[in-house]
Amino acid sequence: MKDIIRLDHVTRTFQVRRQTIKAVDDFSLTIHEGEIMCLVGESGCGKTTTGKMITGVLPVSAGTILYHGQDIAKLRGQGLRQYRLGVQMIHQDVYASLNPAHNISEIIASPLRRHGLTKGETGTQARVRELLQMVDMTPPDDFLDKYPHQLSGGQRQRVSVARALTVVPSFIVADEAVSMVDVSIRISLLNMMSKLKDAMGLSVLFITHDLALAKYFAWEGKIGVMYLGRLVELAAARQLVETPHHPYTQVLLSAIPEADPEVTRKKRTIQLRSMDIPSLLRLPSGCSFHPRCPRFLGEKCEKIVPELKTTFDGAAVACHAV
Amino acid sequence: MPPTLAVRDLSIEYKARRGRVQAIRNVSFDVERGEAVALIGESGSGKTTLGLGIVQLLPGTAAITQGSIVYQRYAPPAPYTKPVAAQQVEVLKLQGGALRQFRWKECAMVFQSALNALNPVLRIADQFADTAKAHGYLQGKALQDRAQHLLELVRLDPARAWKSFPHELSGGMRQRVLIALGLLLEPQLLILDEPTTALDILTQRNIMDVLKDLRQKLSFSLIFISHDLSLAAELADRVATVYAGKVVEIADVHATFKEPTHPYTIGLINAVPTLKGAKEDLTSIPGSPPDLIELPSGCKFHPRCPLADQLCQEQEPELQAISAGHQAACWHWKLAGEALSRFKASENRA
């Protein structure tokens, strides 16, 4: 499989009151064509920043991001246009990401017109209907004249997906795309996205804080776990959930309650050495997880940043204790 | 023993430009002494309205159109300091000072936007002092000792938290301060609205452990409102499923998850991905929650229900007994469990 996006030692820093915050630190990741990659982590771990760098909304501070093998920072002209259209984003907040003054038809038609992707107004209208059908908003005529406020959260997110698909992208960044949608309809949204992914050969970077959801969506894909700006574990989705290696991944999985009283009440939570999440302004030395890590080894963890290493079963783990 | 809280035939409406929003329709349920009841359902199902109705904090556009709420105060057990006698209170008839004394002293609520619920310009110490003063509770050193004991129970460093301003604390710490503050006046009933929403996994786990711990150490009843089924599985003794302003199923937590009988409860359980579950077990509920102004005819769930027939379209089912302590409002509850439950489905596969 060919790579579509490759992050090579990417770092992103922010300046806050003359102090430097490392939001993403020395992050490398390859996503292949047609692959689903989930990034999981707690708030502030850098998963959204990573998504924004991949879509080109935020420049990198160091390192390179390659799209089909080309550095996105050096793209100009036709190459830049192809990248911009090829990588699309679906946002978390469905109440803020659609223009409230435009109706659904306008929202979906304007990228088509702007990029000259359809022939004439009849072509545009036909394509708008086709896109609405692709996201299961049927019959499309019921929705064309509606405004975002007249739709439910789930329907709005479908419009967002349809809008992202107008420009026939090959890569989609979905940042917490279903976390604001009701539980009962999350699965149908994810199923719709999987179906479209298969039909259009899309690659998806799915950013979420919910490991169970990540496992479901990335069933055949991979999950990467981030902690304070670094990738700590990367493995096939089901493998990561069933046999996690990194102590942080293990702690996360042990802490998640299950929707089954018998299972969840028997579950043993792995205790952290400290509940406090370190400030990004004063990151711990060595492995940034060491002050909380239940498998802390001493000096080695305090001094040396662990590299991502491949284990016997093919997972990549950044930990001295594994 | 009468229940701590008995809600009967409660209906709450909001006035809106388009008409009347029937947020709560004819709801009855009990909260026994020391029991934890979870109210689960989707956004807009009326869960929060129900919570606000119990503490009489509904906004001006809302009106309680019928029903009663009876609160039973018990003489508190040993570690409690309040010298009160057992008493029965009609909550909806309380007014003025009596209502103010009911709120917080008898029944405290921790609101959903917990992160904004603290006064940003007051230290935590002053927020405790304000509450104590307004309700004529302990003062000075005695108050400080009691508050710091509570802060310790919610696993905060009392010395540090006491002097902090809210912005100096993380989201999880603020949520725990609010739980401690909610328990300050030794209420018998605590209502938590979405206590773990918008918190990270490890922080959520911490809050859940704190709540379990508190329930063991202090004997209070708990109502918690959540859309998160796993939280209910973890903490609740009983679960009430709310749909379109009505309790459609109420049962012991084990029965809710193992033998659900209302198609909506089953649908919710089947829609939540679990870490262990197989992919094919998950299905979502078709359609979306109803408009509470123009409710569908008959059973309000019928447009989304796979078992709906003529009867469901015409008549709304009331809660009926399924087994001891288990009630559901569905015409086809006998079929529903077998036909829809994923536990049954995976048993059949095996």
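Now for a description of the structure that goes with this document. Values in this document were obtained by computation on a predicted structure and should not be read as measured data. (Residues numbered from 1 in each chain as written. Chains lettered and ligands numbered in written order. Predicted model: local features only at pLDDT ≥ 70, side-chain atom pairs only at ≥ 80, totals over all residues.)

## Focus: the overall build of chain A
Okay, so step 1: Each helix and strand counted, chain A has 11 helices and 12 strands in total.
Okay, so step 2: In terms of C-alpha radius of gyration, chain A reaches 21 Å, essentially the compact-globule figure of 20 Å for 322 residues.
Okay, so step 3: Judged by the C-alpha coordinates and their principal axes, chain A covers about 70 × 50 × 40 Å.
Okay, so step 4: Within chain A, the proportion of its 322 residues that are buried is 46%.
Okay, so step 5: Across chain A, contacts joining residues at least 24 apart in sequence account for 62% of those joining residues at least 6 apart. (Helix = DSSP H or I, 4+ residues; strand = E, 2+ residues; numbered from the N terminus. Rg over C-alpha atoms; globule rule 2.2 N^0.38 Å. Buried ≥ 20, exposed ≤ 12 C-beta atoms within 10 Å, placed from the backbone. Contact = placed C-beta atoms within 7 Å.)

## Let's talk about the packing of helix α3 (residues 104-114) of chain A against helix α4 (residues 120-134) of chain A
Residue and element names in this part refer to chain A.
Okay, so step 1: It is the contact of α3 with α4, at a shortest axis distance of 9 Å, that shows an interaxial angle of 120°. Relative to α4, the element α3 is oriented oblique. Crossing angle aside, the handedness with which α3 passes α4 is right-handed. Along its contact with α3, which presents S105, I108, A109, L112 and R113, the element α4 presents T124, R127, V128 and L131.
Okay, so step 2: By residue class, the composition of the contact of α3 with α4 is five nonpolar, two polar and two charged. (Axes fitted to C-alpha atoms, helices over the stretch in contact; angles between N-to-C directions. Parallel < 35°, antiparallel > 145°, perpendicular 65-115°, else oblique. Left-handed = near helix turned anticlockwise from the far one by under 90°. Nonpolar A, V, L, I, M, F, W, Y, C, P; charged D, E, K, R; others polar.)

## Things to note about the interface of chain B and chain A
Okay, so step 1: Contacts between chain B and chain A engage 31 residues on the former and 32 residues on the latter.
Okay, so step 2: Of all the secondary structure elements, the ones that give two or more residues to the side of chain B that touches chain A are α7 (201-217), α8 (229-235), α9 (253-258) and α10 (263-271) of chain B.
Okay, so step 3: Here the side of chain B that touches chain A is composed, by residue class, of 16 nonpolar, 10 polar and five charged.

## Brief notes about unusual backbone geometry
Okay, so step 1: Residue P139(A) is bonded to the preceding T138(A) through a cis peptide linkage, with omega at -15°.
Okay, so step 2: Phi angles above zero are rare outside glycine, and A244(B) is one such case at about 50°.

## Things to note about the sheet that holds strand β11 (residues 320-323) of chain B
The strands that make up a sheet pair up through hydrogen bonds in the backbone, lying either parallel or antiparallel.
Residues and elements named next belong to chain B.
Okay, so step 1: Spatially, the eight strands line up as an open sheet ordered β6-β7-β8-β3-β9-β10-β12-β11, and their pairing is mixed. Looking at strand neighbours, the two that pair on one side only are β6 (107-110) and β11, the edges of this open sheet. Within this sheet the neighbouring strands show an average axis-to-axis angle of 20°, counted without direction.
Okay, so step 2: Packing of helix α6 (residues 171-183) onto the sheet brings it into contact with β6 and β7 (189-193), and relative to β6 it is tilted by some 170°. (Pairing = 2+ DSSP bridges.)

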